[in-house]
Amino acid sequence: VAGVNTALWVTVNADPERSARRYEDALRLSNLSSRARAFGWETIGRYYTDIKQLGRASLSYAYAMEIDPNHPRYPSSRGVVLMQVGDYEEAVANFRHSIALDDGRFEARLNLGLALLQLEDTEGAVDAIRRAWELRPDIARIPFALGVAYYAGKDYEQAIVAYESAIRLQPDHVTAHLNLG
């Protein structure tokens with residue numbers, strides 16, 4: 001019996017595209033709670049992100065946001081996907097939405113800063129990344145990103161200070177060493 005069940009399971013799930021469509025259909029047609037359906041859309045959004053189907057990932061996160069508009073992780077995740085496709089303005093809007101829902105989300109603030117940097121808003125980028133660093137002073141990639149933002153804004157002295165801070169947190173941060181020269 002176990003062999004038959006395993007063979008059926010493998011046959012049904014052998015085609016990832018078909019499995020993903022079936023999963024989406026289950027989310028659309030099920031009687032799951034709103035929270036469970038939103039989490040399901042987030043889950044399939046992560047899957048699509050991992051396999052680089054970024055349009056489908058963005059849409060999945062948008063569905064999660066529609067179902068549960070008060071959860072800050074969904075717009076933040078969608079913002080990351082939007083950055084990957086180069087839609088920085090929409091990414092900024094999603095990160096700001098996430099921050100409005102939960103002011104303590106350092107990832108949303110860091111990514112907001114990185115998106116603003118792509119839009120050449122170095123002052124906004126510095127402000128967002130600095131706030132992320134206040135929230136999580138223990139993560140080296142944050143002062144490193146702050147150094148990049150300062151450098152883009154031609155504040156070279158502050159860039160050096162930020163890169164040195166990144167190295168203090170992570171002595172083997174190769175890129176920070178390279179950026180210091």
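This text follows the structure it describes.
Worth saying up front: this structure is predicted, and the values here are computed from it rather than measured. (Residues numbered from 1 in each chain as written. Predicted model: local features only at pLDDT ≥ 70, side-chain atom pairs only at ≥ 80, totals over all residues. Heavy atoms only, no water.)

S.K.: Lay out the packing of helix α3 (residues 34–50) against helix α5 (residues 73–84) with the relevant residues and their values.
M.R.: Running from N to C, α3 and α5 point in directions that differ by 20°, and their axes come no closer than 11 Å. By the angle between their axes, α3 is roughly parallel relative to α5. Handedness of the α3/α5 crossing: left-handed. Contact with α3, carried on its side by A38, F39, E42, R46 and T49, involves R73, Y74, S77, V81 and Q84 of α5 and no other residues of that element. When its residues are assigned to classes, the contact of α3 with α5 shows four nonpolar, three polar and three charged. (Axes fitted to C-alpha atoms, helices over the stretch in contact; angles between N-to-C directions. Helix = DSSP H or I, 4+ residues; strand = E, 2+ residues; numbered from the N terminus. Parallel < 35°, antiparallel > 145°, perpendicular 65-115°, else oblique. Left-handed = near helix turned anticlockwise from the far one by under 90°. Contact = heavy atoms within 4.5 Å. Nonpolar A, V, L, I, M, F, W, Y, C, P; charged D, E, K, R; others polar.)

S.K.: Outline the packing of helix α7 (residues 106–118) against helix α8 (residues 122–135), listing residues and values.
M.R.: The contact between α7 and α8 brings their axes to 8 Å, and the two run at 160°. When the axes of α7 and α8 are compared, the pair comes out roughly antiparallel. For α7 against α8, the interelement crossing comes out left-handed. Note on element contacts: α8 touches α7 through T122, G124, A125, A128, I129, R131, A132 and L135, opposite F106, R109, L110, L112, G113, L114, L116 and L117. Across the contact of α7 with α8, the residue classes break down as 11 nonpolar, three polar and two charged.

S.K.: Give a description of the side chain of S165 that names residues and reports values.
M.R.: Structurally, S165 is set in helix α10 (residues 156–169). The exposure class of S165 is buried, given its relative accessible area of 8%. (Buried < 20%, exposed > 50% of the residue type's maximum accessible area, 1.4 Å probe, protein only.)

S.K.: Would you mind going over unusual backbone geometry in detail, with residue names and values included?
M.R.: Positive phi values are uncommon outside glycine, yet K52 reaches one of about 65°. Summarising the element assignment, K52 is placed in the loop between α3 and α4 (54–67). The backbone of K154 shows a phi angle near 65°, a positive value even though the residue is not glycine. Turning to its location among the elements, K154 is positioned in the loop between α9 (141–152) and α10.

S.K.: Describe α8, naming the residues involved and giving the relevant values.
M.R.: Every α-helix carries 3.6 residues per turn, so stepping three or four residues along brings you back to the same face. Here α8 is 14 residues long and its end C-alpha atoms lie 20 Å apart, about the 20 Å a rise of 1.5 Å per residue gives. Regarding α8, the residues found buried are G124, A125, V126, A128, I129 and A132. For α8, the elements touching its buried residues are α7 and α9. (Expected span 1.5 Å × (residues − 1).)

S.K.: Got a sec to walk through the nonpolar core? Specific residues and values, please.
M.R.: Of all hydrophobic cores here, the largest spans 31 residues; its most connected members are L112, I129 and I142. Of all the elements in the fold, those that place two or more residues in this core are α5, α6 (88–101), α7, α8, α9 and α10. Excluding anything up to four places from it in sequence, L112 contacts V92, F95, R96, I99 and A128. Formed by 13 residues, the second largest nonpolar core is a distinct cluster that contains L27, Y48, L54 and A57. (Core = buried A, V, L, I, M, F, W, Y, C linked by side-chain atoms within 4.5 Å.)

S.K.: An account of the pattern of salt bridges is requested, with residue identities and associated values reported.
M.R.: Counted under the stated rule, the structure contains 13 salt bridges. For R130, the salt bridge identified is with D127, shortest N-O distance 3.6 Å. Highlighted residues: R130 and D127, both in helix α8, separated by three residues, approximately one helical turn. Assessed through its relative accessible area of 34%, R130 is described here as partly exposed. (Salt bridge = Lys/Arg side-chain N within 4 Å of Asp/Glu carboxyl O.)

S.K.: I'd love a proper account of α9, names of residues and values included.
M.R.: Helix length check: α9 (12 residues) gives 16 Å between terminal C-alpha atoms against 16 Å at 1.5 Å per residue, within 8%. Looking only at α9, the buried set comprises I142, P143, F144, A145, L146, G147, A149 and Y150. Immediately beyond the C-terminal end of α9, within one or two residues, lies K154, with a positive phi of roughly 65°.

S.K.: Just give me the short version of the packing of aromatic side chains, but keep the residues and values in it.
M.R.: Working definition: an aromatic ring pair is given by the centre-to-centre distance plus the angle between the planes. Counted under the stated rule, the structure contains four aromatic pairs. Relative to Y48, the ring of Y47 lies with its centre 5.6 Å away and its plane at 55°, an arrangement referred to as tilted. For Y48, a relative accessible area of 0% translates into the label buried. Consider the rings of F144 and Y163, whose centres lie 5.6 Å apart with planes at 40°: the pair is tilted. One end of the pair, F144, is in helix α9; the other, Y163, is in helix α10, and 19 residues separate them in sequence. (Phe/Tyr/Trp six-rings, centres within 6.5 Å; stacked < 30°, edge-to-face > 60°.)

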